[in-house]
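Here's the letter readout for the chains.
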Amino acid sequence: MNKMTLFATATVATIAAATAQADTYRLSHNTGDTTTWHKGAEKFNELLQEATGDDVRIFPNAQLSGGDQMKQAEMTGRGAIDMVLTSAINVTPLAPEMAVFSLPYLYADYDAVDATTAGAAGDRMEEIMAGHGIKVLAWGENGFREVTNNVRPITSPEDMKGLKMRVAGPMYIDVMNELGANPQQMQWSETFPALQQGVVDGQENPIGAVIIPQRVYEVQKYITTWHYSYDPIFLGVSEELWESWDEDTQAKVTAAAEEAMEYQKQISRDGTASGIAYLKEQGMEVYEPSAEELAAFRDATQPAFDKWAAQVGADIVELFQAEATAT
Ligand code: X2X
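What counts, and at which threshold
Residues numbered from 1 in each chain as written. Predicted model: local features only at pLDDT ≥ 70, side-chain atom pairs only at ≥ 80, totals over all residues. Heavy atoms only, no water. Helix = DSSP H or I, 4+ residues; strand = E, 2+ residues; numbered from the N terminus. Rg over C-alpha atoms; globule rule 2.2 N^0.38 Å. Buried < 20%, exposed > 50% of the residue type's maximum accessible area, 1.4 Å probe, protein only. Contact = heavy atoms within 4.5 Å. Lys, Arg positive; Asp, Glu negative; His and termini not counted. Charge placed at Lys NZ, Arg CZ, Asp CG, Glu CD. Polar contact = N/O pair within 3.5 Å; in protein donor to acceptor, adjacent residues only side chain to side chain. Core = buried A, V, L, I, M, F, W, Y, C linked by side-chain atoms within 4.5 Å. Near = heavy atom within 4 Å. Nonpolar A, V, L, I, M, F, W, Y, C, P; charged D, E, K, R; others polar. Phe/Tyr/Trp six-rings, centres within 6.5 Å; stacked < 30°, edge-to-face > 60°. Lys NZ or Arg CZ within 6 Å of the ring centre and 35° of its normal. Pairing = 2+ DSSP bridges. Right-handed = clockwise from strand over helix to strand, strands pointing away. Salt bridge = Lys/Arg side-chain N within 4 Å of Asp/Glu carboxyl O.

Colleague: Got a minute to help me understand the overall build of the protein chain in this structure?
Modeller: In terms of helices and strands, the protein chain carries 13 helices and nine strands. Compactness check: the protein chain gives a C-alpha radius of gyration of 21 Å against a globular reference of 20 Å for 327 residues, within 12% of the reference. Taking the principal axes of its C-alpha atoms as reference, the protein chain extends roughly 85 × 40 × 30 Å. The buried share of the protein chain, taken over its 327 residues, is 53%. For the protein chain, the proportion of contacts with a sequence separation of at least 24, taken over those separated by at least 6, is 75%. Distance from the positive charge centre (22 side chains) to the negative charge centre (48 side chains) of the protein chain: 6 Å.

Colleague: Mind showing me how you'd approach the environment of Glu258 here?
Modeller: If you trace the backbone, Glu258 turns up in helix α10 (residues 247–273). Counting along the chain gives 23 residues from Glu258 to Leu235, while the straight-line C-alpha distance between them is 8.8 Å.

Colleague: It is not clear to me how unusual backbone geometry should be interpreted in this structure. Could you clarify?
Modeller: Glycine aside, residues mostly have negative phi angles, and peptide bonds mostly take the trans form. Its identity is not glycine, yet Asn61 carries a phi of approximately 55°, on the positive side. When you line up the elements, Asn61 lands in the loop between β2 (55–59) and α3 (72–77). Exposure remark for Asn61: the relative accessible area of 28% places this residue in the partly exposed category. The backbone phi angle of Ala62 is positive, close to 50°, even though this residue is not glycine. Mapped onto the fold, Ala62 is located in the loop between β2 and α3.

Colleague: Help me understand the side chain of Thr117, please; the structure alone is not making it clear to me.
Modeller: Looking at the secondary structure, you find Thr117 in helix α4 (residues 110–117). A distance of 3.5 Å separates a polar atom in the side chain of Thr117 from the backbone oxygen of Asp114. Excluding residues within four positions of it along the chain, Thr117 makes contact with Phe101, Gly122 and Trp139.

Colleague: Help me understand the nonpolar core in this model?
Modeller: In globular proteins that are soluble, nonpolar side chains generally tend to be buried together. In terms of nonpolar packing, the biggest core is built from 51 residues, with Met98, Tyr107 and Met160 touching the most fellow members. Within the residue set of this core, elements represented by two or more residues are α4, α5 (120–130), β4 (134–149), β5 (164–167), α6 (170–178), β8 (222–238), α12 (291–312) and α13 (314–325). It is α12 that provides the largest number of residues to this core, a total of six residues. Leave out the neighbours within four places in its chain, and Met160 touches Val147, Arg152, Ile154, Met165, Met176, Leu179, Gly180, Ala181 and Trp226.

Colleague: Got a minute to help me understand the site of the ligand in this structure?
Modeller: The full set close to the ligand counts 14 residues, and Asn30, Gln69, Asn90, Arg166 and Asn205 are the nearest of them. Contacts to the ligand include Asn142, whose side-chain N or O atom sits 3.0 Å from an oxygen atom. In this structure, Arg166 approaches the ligand through a side-chain N or O atom, which is 2.7 Å from an oxygen atom. Of the residues that constitute the shell around the ligand, the class distribution is four nonpolar, seven polar and three charged.

Colleague: Got a minute to help me understand the packing of aromatic side chains in this structure?
Modeller: For any pair of aromatic rings, geometry is given as the distance between the ring centres together with the angle between the planes. All chains considered together, the criterion is met by 12 aromatic pairs. With centroids separated by 5.6 Å and ring planes inclined at 35°, the aromatic side chains of Tyr172 and Tyr228 adopt a geometry described as tilted. Remark: Tyr228 occurs in strand β8 and Tyr172 occurs in helix α6; sequence separation between them is 56 residues. Here Tyr172 falls in the buried class, since its relative accessible area comes to 0%. Site record: aromatic cluster; members linked through ring pairs are Phe101, Trp139, Phe234 and Phe320. We note Arg269 situated over the ring of Tyr110; from NZ or CZ to the ring centre the distance is 4.0 Å.

Colleague: So what exactly am I meant to see when it comes to the pairing of strand β6 (residues 182–185) here?
Modeller: Two faces make up the sheet, and in a regular strand the side chains alternate between them. Pairing of β5 with β6, which is carried by four bridges, proceeds in the parallel orientation. Of the residues in β6, the one forming a bridge with Arg166 is Gln184. Regarding the hand of the β-α-β motif, the stretch spanning β5, α6 and β6 is right-handed.

Colleague: Whenever I open this one, the pattern of salt bridges confuses me. Can you help?
Modeller: Pairing between side chains becomes possible if they bear opposite charge and their charged atoms approach one another. Tallied over the full model, the rule gives 11 salt bridges. Residues Lys43 and Glu46 are paired through a salt bridge, measuring 3.9 Å at the closest nitrogen-oxygen approach. Of the two residues, Lys43 and Glu46 both sit in helix α2 (residues 36–52), three residues apart, roughly one turn of that helix. Between Arg145 and Asp231 there is a salt bridge, with its nearest N and O atoms 2.8 Å apart. Taken together, the residues span a long stretch of sequence, with Arg145 in strand β4 and Asp231 in strand β8 at a distance of 86 residues. One exposure class covers both Arg145 and Asp231, and it is buried. Members of the salt-bridge network, linked through shared partners, are Asp114, Glu141, Lys265 and Arg269.

Shown next as structure tokens:
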């Protein structure tokens, strides 16, 4: 063998070894390790291991972005984090269009939600995220966000007046201001102690995905199922990493993500369905508003809807509304 052949043989062997070697990817999410988000990530890891031999190391509570839940997407976009599982509202500093999902009272029910994530509306958001360096693999669910607090039952917009409310993101600040509450943006990982110590009176989150698994009922007395805002989550991978895979790997990763998010969505919905009874058992006072009462919340939050619809862009809002009402 001459020198050239030796070199070529060694290179091929190195590439073969590198290809056969299993990779470990780092996945960031911003809830605790008891939530349906975390369970969905674990399911993804399991399925990916079976399909490709690679595995996923899961980092809860936004640890990879120094505890900042709004930074995970941007870091994934520039390849500093491999994978991200987060909700739409956390991505709005990077892609304001993602606020569309959570516009107050956009969705009537789960069918309307599924029509958009599976339809042209979902595709449009996936294109936008790709423009920020994130390949969306599949949509999962945080859910319809319900309001809890320690001061009084919330039965009408007036009841929100003066309440100190922890919120996750900018759109919810506007919504809370319209309702006369005092909103404060805070990391989710810091919210439980803040509620416990009375730094804030209340918060809003989905029942099945977050409120029950993170035991919010231990530090909150009242919950109102006002369904004011829907929040999807998505499982995404940095475009850089995505592009490094061959088509076969891309297909396997996508299939694992879709199955894992389907599972995550189902356990979130199941947990929500059985959740009201559970929260009552835990001593919470549950208020389920009538259609008329919901309409009052809807009217009161309309200015925030209009403001954010303008930021999202009329074409996107119309696309979502068309698919959400076609079911
Ligand atoms: O921070 C929250 O409230 C949470 C966990 O629901 C989101 O990530 C938006």
